Amino acid sequence: MQTCKSMLSTVAATWLMLAAVPAFAHFGAVIPSDDIITQADAKTVTLEVKFIHPLEQHYMEMVKPKQFGVMHGGQKSDLTAALKAAKGGGPDQTGKFTFWTAGYDIRRPGDYTFFVEPTPYWEPAEDLYIVHYTKVCVNALGLEEGWDAPVGLETEIVPLTRPYGLWTGNLFTGQVLLKGKPVPHAEVEIEYLNASPGNISVVLPPADPYVTQVVKADADGIFSYAMPKAGWWGFSALNEADWTIDHEGMKKTVEIGAVYWVRTRDMR
Amino acid sequence: MKTSRIAAVFMLVSIFSAGVALAHKVNLFAYVEGGKIHTESYFPDGRMVEGGTVRVFDSTHTLLLEGTTDTGGLFSFPIPRVDDLTIVIDAGMGHKNSFQLKRTEVEAGK
């Protein structure tokens, strides 16, 4: 009887603990110093590669990505060697976490799609590995060509809205691809990057559902969301990989995410 | 009555042509390599400016040379002077833009 009672309380405690784990959405992030490079701008773009909770401003420790590259004019270049480790943390986090930075010199006009394939991240709370294939587009010198081309990642969001020069309130439409094919009715999570440069007021969500917005794609994997504030917005579509990773002798599920970042500015 | 109708038509035409000019904003990009200056002229959607006039000015606004873009929107020429250069593309119909090539960039590409 005694044993039964204590077992019950253990179960209850475990259940409480599990319930208390906030359902914060993890996001791969690649944020450039600017999304539009004009003739008058410095031609070096600095990019920050992170694994974060964008609205809560939480960092997660990130080991060096497997692959970091850029696609321009249909050509892919590997930039993994350019990554440098840096440390950061959110305002309510104790300790510092690793993220990665890289500088890239723009030499020609056109769209530059930067992409990251991170090293799988073990998430004990969810008992799975997470790999977020993350992209962002930087436009240079007035040539608006290339943004709508898929990079060819295992899963990715391909924008149907030109992903730069966006106003606050604009609708962003994209298509979720898995192995190059649309994902019908994919669930897409959306978060605002509270640490966006120029964010005039940190967003404090009135309730948990405000943290991560959720939309579902249509039968062709196409989704839309109107962005209500100036700054960077992350779009993340999650799928389960058809491969597993061994963790302490057990095969574990891999969550593969297709993440895309866009920036909005206020009309004024 | 007639005047106002003409004015309205004129206004419509100006609005329309202004829109076209904006949507067809022309761009020129230049870089220096191996003693030559290479230019490419294009519209935002990636179409090349064919048969556009390229004019090169030095820092005193003196015209140094003039040329025509080929079918790929390209026009190249040997460095005319090590100076801050302004390169202007004129695609006709008021489609004009310029590119500033800094003296340091010209020097580096000699």
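Just above, that's the structure.
Residues numbered from 1 in each chain as written. Chains lettered and ligands numbered in written order. Predicted model: local features only at pLDDT ≥ 70, side-chain atom pairs only at ≥ 80, totals over all residues.

## Digging into the interface of chain B and chain A
Then, number 1: In this assembly, eight residues from chain B lie in contact with eight residues from chain A.
Then, number 2: Mapped by element, the contributors of at least two residues to the side of chain B that touches chain A are β1 (27–33) and β7 (96–101) of chain B.
Then, number 3: For the side of chain B that touches chain A, a count of residues per class yields four nonpolar, three polar and one charged. (Contact = placed C-beta atoms within 7 Å. Helix = DSSP H or I, 4+ residues; strand = E, 2+ residues; numbered from the N terminus. Nonpolar A, V, L, I, M, F, W, Y, C, P; charged D, E, K, R; others polar.)

## A closer look at the nonpolar core
Residue and element names in this part refer to chain A.
Then, number 1: If you look at the biggest cluster of nonpolar residues, it comprises 82 residues, and the most contacted ones within it are Val30, Val176 and Trp261.
Then, number 2: At eight residues, strand β11 (residues 128–140) tops the list of elements feeding residues into this core.
Then, number 3: When near neighbours in sequence (up to four residues on either side) are disregarded, Val30 contacts Leu47, Val49, Phe114, Val116, Thr134, Lys135, Val136 and Trp261. (Core = buried A, V, L, I, M, F, W, Y, C linked by C-beta atoms within 7 Å. Buried ≥ 20, exposed ≤ 12 C-beta atoms within 10 Å, placed from the backbone.)

## A short note on the pairing of strand β12 (residues 155–159) of chain A
Residue and element names in this part refer to chain A.
Then, number 1: Of all five residues that make up β12, five are buried, and the element is covered over most of its length.
Then, number 2: With five bridges joining them, β12 and strand β14 (residues 171–178) adopt antiparallel strand pairing. Bridge assignment links Glu156 to a residue of β14, and that residue is Leu177. (Pairing = 2+ DSSP bridges.)

## So, the pairing of strand β4 (residues 63–68) of chain B
Residue and element names in this part refer to chain B.
Then, number 1: Of the strand pairs in this sheet, strand β3 (residues 53–57) and β4 are connected by five bridges, and their pairing is antiparallel. Note on β4: the bridge partner recorded for Thr53 is Thr68.
Then, number 2: The turn joining β3 and β4, which pair antiparallel and follow one another in sequence, is formed by five residues; a positive phi near 65 degrees is taken by His61.

## Description of the environment of Tyr31 of chain B
Then, number 1: Within the secondary structure, Tyr31 of chain B sits in strand β1.
Then, number 2: Each C-alpha atom, one on Tyr31 of chain B and one on Ser76 of chain B, is 9.7 Å from the other, the two residues being 45 residues apart in sequence.

## Quick look at the sheet that holds strand β5 (residues 74–78) of chain B
All names here are of chain B.
Then, number 1: Strand order across the open sheet formed by three strands is β1-β2-β5, with antiparallel pairing between neighbours. In the strand order of this sheet, the two ends are held by β1 and β5, each with one partner. Taken pair by pair, the neighbouring strands of this sheet meet at an average axis angle of 20 degrees, ignoring direction.
Then, number 2: For strand β2 (residues 36–42) and β5, the ladder comprises five bridges, and the chain directions are antiparallel. Bridge pairing in β5 places Lys36 opposite Pro78. (Axes fitted to C-alpha atoms, helices over the stretch in contact; angles between N-to-C directions.)

On their own, these measurements won't tell you what the molecule is for.
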